[in-house]
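# Report on the structure
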Amino acid sequence: MSNYEWKFSTIGGKNRVNISSGEDIRHLGELDQKLWTVLSSPVVGLEFDAKTLKMLDCDNDGRIHVNEVVKAAEWLTSILKDPDMLLKKEDTLPFSAFNTDNPDGARLLASAKQILKNLGKDGNVISLADTADITAIFEKTRFNGDGIITEASTDDETEKATIAAVVATMGGVQDRSGVAGAGVDQIENFYKNLSD
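Presented here is an overview of the structure given in this document. (Residues numbered from 1 in each chain as written. Predicted model: local features only at pLDDT ≥ 70, side-chain atom pairs only at ≥ 80, totals over all residues. Heavy atoms only, no water.)

For helix α3 (residues 66–79), built from 14 residues, the straight-helix expectation of 20 Å at 1.5 Å per residue is met to within 8% by its first-to-last C-alpha distance of 20 Å. Looking at α3, one finds that the buried residues are V66, E68, V70, A72, A73, T77 and I79. Residues of α3 that are buried make contact with α1 (22–26), α2 (50–56), β4 (63–65) and α4 (103–118). (Helix = DSSP H or I, 4+ residues; strand = E, 2+ residues; numbered from the N terminus. Expected span 1.5 Å × (residues − 1). Buried < 20%, exposed > 50% of the residue type's maximum accessible area, 1.4 Å probe, protein only. Contact = heavy atoms within 4.5 Å.)

Shown next as structure tokens:
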């Protein structure tokens, strides 16, 4: 039983819960499911960002369920100092908004700083546009965690030549930076062919 004090409005003769604060979002898990207007919705055909819907669909069944909305709400309100920011229609987030007492909040702040650094930008605010172009974010980084190595991954000329040879003979795989590189399969096949 929730002790949270919900506020209601009557719309079309039915009582509806008002979601008008970050605290309302934080307490969504306490709201009786009988009071939810929708218990499930598809991830396609909605006027909503498709990438966000895909992330919300934790079990990849093509539908967003109440528990997935609640899980997202709990996570979002835990990584922000002021959950009311979730209701502002802004496409920027100041670094000071991250709750660094939460490990995920601290990681997101570090990621935001790294993204701006990779983009060659100064400042203490990250925007949606800053995060949109993965290639731009990683194009100047040597190690980006995608498992693909490029000639830029090393300063050693012999290693550069080997990577170039792997790409030339086995085909390249696009690195997050947008450059062709070599993955595990290409490298293993390259050395297998050398030993045959």
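As a further point, take the pattern of salt bridges. Using the criterion set out here, one finds 4 salt bridges in the structure. In this structure, the salt-bridge partner of K34 is D32, at a minimum N-O distance of 3.4 Å. (Salt bridge = Lys/Arg side-chain N within 4 Å of Asp/Glu carboxyl O.)

As a further point, take unusual backbone geometry. A positive phi is found at N60, a non-glycine position, where the angle reads about 55 degrees. Position of N60 among the secondary structure elements: in the loop between α2 and β4. The exposure class assigned to N60 is exposed, which follows from its relative accessible area of 60%.

Here we take up helix α7 (residues 157–170). In a regular helix each residue adds 1.5 Å, so 14 residues correspond to 20 Å; α7 covers 20 Å between its end C-alpha atoms and thus fits that length. Within α7, the full set of buried residues consists of K160, I163 and V166. The arc enclosing the buried residues of α7, seen along the axis, measures out at 125 degrees, which places them on a common side. For α7, the exposed residues set more than 90 degrees away from the buried face come down to E157, T158, A168 and T169. N-capping of α7 is provided by D156, with a side-chain oxygen placed 2.9 Å from the backbone N of T158. Immediately beyond the C-terminal end of α7, within one or two residues, lies G171, with a positive phi of roughly 90 degrees. (Arc of directions from axis to C-beta. Polar contact = N/O pair within 3.5 Å; in protein donor to acceptor, adjacent residues only side chain to side chain.)

Now for a negative patch on the surface. Judged by side-chain charge, E151, D156, E157 and E159 come together as a negatively charged surface patch. By secondary structure assignment, the location of E157 is in helix α7. (Patch = residues over 30% accessible without salt bridge, like charges linked within 9 Å, V, L, I, M, F, W, Y side chains within 5 Å. Areas by Shrake-Rupley, 256 points an atom, 1.4 Å probe, with all protein chains shown as cover. Lys, Arg positive; Asp, Glu negative; His and termini not counted. Charge placed at Lys NZ, Arg CZ, Asp CG, Glu CD.)

For the structure shown, the criterion picks out 2 aromatic pairs. Their ring planes at 75 degrees and their centres at 4.8 Å tell us that Y4 and W6 sit as a pair that is edge-to-face. Residue class for W6 comes out buried when judged on its relative accessible area of 13%. Note on F190 and Y191: the rings are 5.3 Å apart at their centroids and 90 degrees apart in plane angle, and the pair reads as edge-to-face. (Phe/Tyr/Trp six-rings, centres within 6.5 Å; stacked < 30°, edge-to-face > 60°.)

Turning to its location among the elements, D57 is positioned in the loop between α2 and β4. An unpaired buried charge is present at D57: no salt bridge exists, and K54, the closest side chain of opposite charge, is 8.7 Å distant. With residues up to four places along the chain from it excluded, the contact list for D57 reads V43, G62, R63, I64 and E68.

The pairing of strand β1 (residues 8–11) with strand β2 (residues 14–17) spans 4 bridges and is antiparallel. Paired with T10 across the two strands is N15, which belongs to β2. (Pairing = 2+ DSSP bridges.)

Right, let's talk about the packing of α7 against helix α8 (residues 184–195) for a bit. Where α7 meets α8, the axes come as close as 10 Å, and the angle between the chain directions of the two elements is 90 degrees. Between α7 and α8, the crossing angle belongs to the class labelled roughly perpendicular. Across from T162, A165, V166, T169 and M170 in α7, the residues of α8 making contact are Q186, I187, N189, F190, Y191 and N193. (Axes fitted to C-alpha atoms, helices over the stretch in contact; angles between N-to-C directions. Parallel < 35°, antiparallel > 145°, perpendicular 65-115°, else oblique.)

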